[in-house]
Every structure is written in structure tokens, then in C-alpha cells.
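Chains, contacts and geometry: an overview
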Amino acid sequence: MTTSISSTSPSTPERSPARGWVERMVVAVPDPEATAEFLASGLHMAIVEKDGSLMASCAGEYHAGRGQGAIQLVTGPELGVERLVFALPDGVDLAELERHLGARRISDSALEVIDPASEVRVTFEVAATLHVDVPEPSVLRPRRMGHVNLMSPKPSDTAAFFTERIGLRLSEYIGENLFWMRTDTEHHNVALRPGGPRSVHHLGMEVAGWHSYQPILDHLDDRGYKIEYGPGRHRPGRSLFVYVRDPSSGLRLELFADMVHIVDPEAEPIGWEPGDRMTKTLNTWGPLPPQSFLD
């Protein structure tokens, strides 16, 4: 199968945000305090007030201080995406990046572009400006936010925005509706599926490995939170997964582990036919998800 999405990155890597990493997602929810309570009590995420909103911090152990401010909660009428934030390494020439992306400067240390199809705002900020204190260690807290799974009325157009304009590499795709893209070697940091503008299907939070699920899931059960889907293993990325949702907002978190890395920058993306999703890719172990996951 062919696709119109390119897997190549810009010829000058230092000009591409792919040299950075997904730092946080700013999410609108009807009741930020209720969602924060779910994140704190269910997953031991540390909640701090920052810039007039609530920030749910991860352990920060995996990236030694990167990706700590994983989820920023703001008030909105319903669940939605306010902003996807990439952190850039120190020393990036913002002026050059601004010209390369055709971005808008929103502060001395940040740029912004908007995907026309999904209407998602994508911000690039210098990492040194994004510090959040690392909370005390907990076996129940995810290590970091590894990826975001966004929704778009035109997933192929949004995929082109992320690959051709921003410089992410396409790792895998199913037909013209499902895409997985990476900033560096990890199989995906941004994924796409059909849906309304400014919508998110889930946020992918990395846990340490298979042994991590038992204490986390037992704790969620003790707190009255039930998993939506899993444990299982996806074919794209070969990652283990468990999905759980915030009862207040419907915000879905994927607790994933063992994501494959693609070390060859010229590796061709893996393509699947649309009919392969339910039969070959969604869960290699067999059980299919509830309808709520597919909606």
C-alpha cells in the first residue's frame, strides 16, 4: 500500500523540533481539580499550581528532568486539546527555527504553529524554561509522558503537517486514518486517528515494565478505578498497554511499556491495510477493546 505521507526529515536536523521531545499536553477538562484528584490518588502524580493551572508531574527518572510536567489541566466545557508542547534542547536558534517553521513567536523562549486540519496548537519552548520539581519516587507513578494520540477530521493532512512541516518521521500507518510518528528513535511520540478538532484519544504514560502493572492496577482497584482495556500488546510499536480513564472528564491514559526503538533514520514506515486494525494490529494477544475505546 502507498501513502502520501513522507517519512523523511529535514536535511538539516538541528532545524527540526524532532531534536526535542514531547514535554507536556495542555488539556481542557470541565473540572481540573477532579481530574487532578484522579491523577494524584490513582497514579501518585504530583499536582502543583503553575501559571494559573494545575500541573500533574511525573517522576522524571527516565529522562533525568525531562518530561516532568506531563499534563497541564485548564478549565473547559468538555475534554479537549489546548496545546501540545515540545521542549527544545538548549542552544537552539529560535529565530532560525521560527523562519524554518513559519511559526509565530509567542514569547522570548517559545514559538507556536497551528495545524489547519486538527486545529491543534503546537508550541516549541526552550527546555530550561520548563522546570518542574521532581516529586518523591513512587512505584505507582508513570515515568514520563511518552506520546499523545490526537484526533483529526483529516488525519492524513495532520500527519503531513507533523512530518513535512515539523519534521517528525513516520513509523507506521494503517490506511489513511491511523498514523504513528516519532521525534527521535522511539516508535512514536505523536499518533493520529479520526475525530473532531482539538480532540485527544489518549496520553501515553510510560511505566517501567511488565512488573509495574500489578502494583499499579491493584492500587487503582483499591481506589475504585477500573481499567478500560488491557493488559495487552499492540502490534505498532510492540508496546505493552493498559488503558484507564478519568471518571470526571473521560481523559484516557495509556500506561505503556517496552516501546520499540527505530535506530535507522532512513527506515521505511510499516504500512497496514484498513482491515488489519482489528484483526492484526490492535492487540496481538487477541482480546478486542470495548466500544468506548473505539468511539
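Below: a short report on this structure. What you see is a predicted model; the values in this text were computed from it and never measured.

A look at the environment of Gly 167
Looking at the secondary structure, you find Gly 167 in the loop between helix H3 (155-166) and strand E10 (169-174). Residues Gly 167 and Met 181, spaced 14 residues apart in sequence, show a C-alpha to C-alpha distance of 9.7 Å.

Details of the environment of Thr 279
Mapped onto the fold, Thr 279 is located in helix H5 (residues 276-281). Owing to a relative accessible area of 62%, Thr 279 belongs among the exposed residues under this scheme.

Observations regarding the sheet that holds strand E11 (residues 178-182)
With respect to topology, 9 strands assemble into an open sheet ordered E14-E15-E16-E13-E9-E12-E11-E10-E17, the strand pairing being mixed. Of all strands in the sheet, those bounded by a partner on one side alone are strand E14 (227-233) and strand E17 (270-272). The mean inter-strand angle of the sheet, taken between neighbouring strand axes irrespective of direction, is 20°. Sheet contacts for helix H1 (residues 32-43): strand E15 (240-245) and strand E16 (252-257); angle to E16, the most-contacted strand, approximately 30°.

Some thoughts on empty space enclosed by the protein
All chains considered together, the criterion is met by 1 cavity of 30 Å³ or more. Considered as a void within the structure, the largest cavity measures approximately 190 Å³ in volume. Trp 180, Arg 193, His 234, Tyr 243 and Leu 282 are, among the 18 residues lining the largest cavity, the residues nearest its centre. Contributing elements (two or more residues each) for the lining of the largest cavity: strand E9 (144-152), E11, strand E12 (190-194) and H5. Split into classes, the residues belonging to the lining of the largest cavity amount to 8 nonpolar, 7 polar and 3 charged.

Things to note about the pattern of salt bridges
Under the counting rule described, the total for this entry stands at 14 salt bridges. Across the pair Arg 144 and Glu 206 runs a salt bridge, and its minimum N-O distance is 3.2 Å. Pair noted here: Arg 144 is in strand E9 and Glu 206 is in strand E13 (residues 199-206), with a separation of 62 residues, a long-range link. Neither residue differs from the other here; Arg 144 and Glu 206 are each classed as buried. One salt-bridge network, in which partners are shared between bridges, spans Arg 83, Arg 104, Glu 112 and Arg 121.

Observations regarding the sheet that holds strand E5 (residues 80-88)
Strand order in this open sheet of 8 strands is E2-E3-E4-E1-E5-E8-E7-E6, and the pairing throughout is mixed. Pairing within the sheet leaves two strands with one partner each, and these edge strands are strand E2 (46-50) and strand E6 (104-107). Here the strands of the sheet are splayed against their neighbours by 25° on average, with no regard to which way each runs. In this structure, E6 lies alongside strand E7 (residues 110-114), joined through 3 bridges in antiparallel fashion. If you follow Arg 104 over to E7, its bridge partner there is Glu 112. Sitting on the sheet, H1 is in contact with strand E1 (21-29), E2, strand E3 (53-57) and strand E4 (71-75), with an inclination near 155° to E4. Along the sheet, helix H2 (residues 94-101) makes contact with E5, E6, E7 and strand E8 (121-126), crossing E7 at roughly 10°.

Describing the packing of H1 against helix H4 (residues 210-222)
Running from N to C, H1 and H4 cross one another at 125°; their axes reach a closest spacing of 9 Å. Taken together, H1 and H4 sit at an angle that is classed as oblique. On the side of H1, the interface is formed by Ser 41, Gly 42 and Leu 43, while H4 contributes Ile 216, His 219 and Leu 220. For the contact of H1 with H4, a count of residues per class yields 3 nonpolar, 3 polar and no charged.

Description of the pairing of E1
Of all 9 residues that make up E1, 9 are buried, and the element is covered over most of its length. Across 7 bridges, E1 lies against E5 in antiparallel orientation. Residue Arg 24 lies in a different strand from E5, and its bridge partner there is Val 85. Bridge count between E1 and E4: 5 bridges; the pairing is parallel. The residue of E4 that forms the bridge with Val 26 is Gln 72.

A word on unusual backbone geometry
One can expect most non-glycine residues to show negative phi and most peptide bonds to be in trans. Following Gly 230, the chain continues to Pro 231 via a peptide bond in cis, the omega torsion being 0°. Looking at the secondary structure, you find Pro 231 in strand E14. The backbone of His 44 sits at a positive phi, close to 55°, despite the residue not being glycine. Looking at the secondary structure, you find His 44 in the loop between H1 and E2.

Re the side chain of Thr 35
Relative to the helices and strands, Thr 35 resides in helix H1. Filtering out sequence-adjacent residues up to four positions away, Thr 35 remains in contact with Val 29, Leu 73, Asp 246, Ser 248, Ser 249 and Leu 251.

Cut-offs and rules
Residues numbered from 1 in each chain as written. Predicted model: local features only at pLDDT ≥ 70, side-chain atom pairs only at ≥ 80, totals over all residues. Heavy atoms only, no water. Helix = DSSP H or I, 4+ residues; strand = E, 2+ residues; numbered from the N terminus. Buried < 20%, exposed > 50% of the residue type's maximum accessible area, 1.4 Å probe, protein only. Pairing = 2+ DSSP bridges. Axes fitted to C-alpha atoms, helices over the stretch in contact; angles between N-to-C directions. Contact = heavy atoms within 4.5 Å. 1 Å grid on protein atoms, 1.4 Å probe; cavity = no way out; pocket = protein on both sides within 12 Å on 5 of 7 lines; lining within 4 Å. Points joined across faces, edges and corners; volume = space filled by probe spheres on them. Nonpolar A, V, L, I, M, F, W, Y, C, P; charged D, E, K, R; others polar. Salt bridge = Lys/Arg side-chain N within 4 Å of Asp/Glu carboxyl O. Parallel < 35°, antiparallel > 145°, perpendicular 65-115°, else oblique.

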